[in-house]
Amino acid sequence: MNDLQIAVHAGPPLPERVSWQPASIHSAMRVELAPGEDLFSSLENRLEAADLPGAFFNLAYGSLARLTLMTGGPGSDVPITFHGPIEIETPVAVEAGSGIIGLDENGARSSHCHAVFRRPDGRLVGGHLIRDQAIAGDAGLQVDLLMLADARFARRHDPETQFSIFHPERVR
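Remember, predicted model here, so these are calculated numbers, not experimental data. Starting from 1, residues in each chain are numbered consecutively following that chain's sequence as written. It should be noted that, the model being predicted, local features are given only for residues of pLDDT at least 70 and side-chain atom pairs only at 80 or more, the latter also being counted only at that level, while totals for whole chains, interfaces and linings use all residues. The side-chain figures draw on all heavy atoms in the structure; neither hydrogens nor water molecules are used.

Draft legend 1. Quick look at the overall build of the protein. Helix numbering and strand numbering both begin at the N terminus, where a helix is a DSSP run of H or I of at least 4 residues and a strand a DSSP run of E of at least 2. Of regular secondary structure, the protein possesses 1 helix and 8 strands. Element order for the protein, N to C, with α for helix and β for strand: β-α-β-β-β-β-β-β-β. For this measure, only C-alpha atoms enter the radius of gyration; the expected value for a globule follows 2.2 Å times N^0.38, where N is the number of residues. Its C-alpha atoms give the protein a radius of gyration of 17 Å, near enough to 16 Å, the size a compact globule of 172 residues would have. Each of the three principal axes of the protein carries a C-alpha extent, and together these read 45 × 45 × 30 Å.

Draft legend 2. Expanded view of the pairing of strand β6 (residues 124-148). Think of it this way: DSSP has to see at least two bridges between two strands before they count as a pair. Looking at chain direction, strand β1 (residues 25-33) and β6 are connected through 8 bridges and run antiparallel. Directly across from Arg30, in β6, lies its bridge partner Asp144. One ladder, built from 13 bridges, connects strand β2 (residues 54-73) with β6; its direction is antiparallel. Along β6, the bridge assignment pairs Tyr61 with Gln142. Where strand β5 (residues 109-118) lies against β6, 5 bridges are found, and the strand directions are antiparallel. Bridge assignment links Phe117 to a residue of β6, and that residue is Val125. Connecting β5 to the next strand, β6, in antiparallel fashion are 5 residues, including Gly122 with a positive phi near 95°.

Draft legend 3. Structural detail: the nonpolar core. Among the nonpolar cores identified, the biggest contains 28 residues, and Leu39, Phe57, Leu59, Phe117 and Leu129 are the most heavily contacted of them. Secondary-structure elements contributing two or more residues to this core are β1, α1 (39-49), β2, β4 (92-103), β5 and β6. Ranked by residues supplied to this core, first place goes to β6 with 8 residues. Ignoring anything within four residues of it in the chain, the contact list for Phe117 reads Leu59, Leu64, Leu67, Val92, Ala93, Val94, Glu95, Arg123, Leu124, Val125 and Leu129. Think of a nonpolar core as a cluster: buried Ala, Val, Leu, Ile, Met, Phe, Trp, Tyr and Cys residues, connected wherever their side-chain atoms sit within 4.5 Å. Under the scheme applied here, a residue whose accessible area is under 20% of the maximum for its type counts as buried, over 50% as exposed, and between as partly exposed, the area being computed with a 1.4 Å probe on protein chains only. We call two residues contacting when some pair of their heavy atoms lies within 4.5 Å.

Draft legend 4. Representation of the packing of aromatic side chains in the model. Note on ring pairs: Phe, Tyr and Trp rings are taken, using the six-membered ring of Trp, and paired if centres are within 6.5 Å. Classes follow the plane angle, with under 30 degrees stacked, over 60 edge-to-face and the rest tilted. As enumerated under the stated definition, the model contains 2 aromatic pairs in all. Ring plane angle 80° and centroid distance 5.4 Å describe the contact between Phe56 and Phe153, whose orientation is recorded as edge-to-face. Here the residue Phe56 occupies a position in strand β2, and Phe153 occupies one in strand β7 (residues 151-157), the gap between them amounting to 97 residues. For Phe153, a relative accessible area of 12% corresponds to the buried category. Between the aromatic rings of Phe82 and Phe163, the centroid separation amounts to 5.4 Å while the plane-to-plane angle is 55°, which identifies the pairing as tilted.

Draft legend 5. Main features of the environment of Pro91. Mapped onto the secondary structure, Pro91 falls in the loop between β3 (81-88) and β4. Each C-alpha atom of the pair Pro91 and Gly137 lies 6.7 Å from the other, and the pair is 46 residues apart in sequence. Residues contacting Pro91, with those up to four places away along its chain left out, are Leu64 and Pro120.

Draft legend 6. The arrangement of the pattern of salt bridges in detail. Every case where a carboxyl oxygen of Asp or Glu lies within 4 Å of a side-chain nitrogen of Lys or Arg is listed as a salt bridge. All chains considered together, the criterion is met by 9 salt bridges. Among the charged side chains, a salt-bridge network with shared partners connects Arg152, Arg156 and Glu169.

Draft legend 7. Main features of unusual backbone geometry. With omega at 10°, the peptide bond leading from Gly84 into Pro85 counts as cis. The omega angle of the peptide bond from Thr90 to Pro91 is 10°, so this bond is cis rather than trans. Of note, Asp51 is a non-glycine position whose phi angle comes to about 55°, a positive value. Here Asp51 lies in the loop between α1 and β2. Here the phi dihedral of Gln162 falls at roughly 70°; this positive angle occurs in a residue that is not glycine. Tracing the chain through its elements places Gln162 in the loop between β7 and β8 (164-170).

Quick look at the structure:
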């Protein structure tokens with residue numbers, strides 16, 4: 001029995017789904033967020049202060065004191081949509097997570113992160129992190145940040161999926 005489900009989106013498929021841009025690394029560092037710090041704001045502020053266009057990040061270690069997630073799944077009139085928000089009981093410990101920092105449709109800094117966390121009872125929970133709802137817990141939060149010198153991600157409408165998604169762009 002095959003449980004694999006194929007999603008067919010409403011819009012026309014792009015001729016090339018995978019897009020990429022070469023990028024130079026400006027710097028890589030371990031960032032330590034103190035308890036109470038917001039994940040996205042802290043990383044975006046570092047990128048802004050360095051006047052750099054984009055970044056990748058991985059959640060390395062720590063906990064969250066506040067966490068709200070979105071998940072994806074079938075929609076009533078579309079193949080895939082967001083579900084939630086779902087407020088998660090905290091504290092939770094980081095298991096894995098990665099994200100990007102780029103620009104939204106209006107040119108403002110914007111982050112996107114998917115992650116998995118372990119609840120106090122040992123169960124795993126994961127999904128798409130929501131802005132202002134990923135707050136470092138008592139253990140703080142360690143994040144590996146890779147800042148790019150000449151590339152960024154810009155969010156724009158995708159005609160195939162009907163979502164606003166990040167696309168890589170060369171800058172400078």
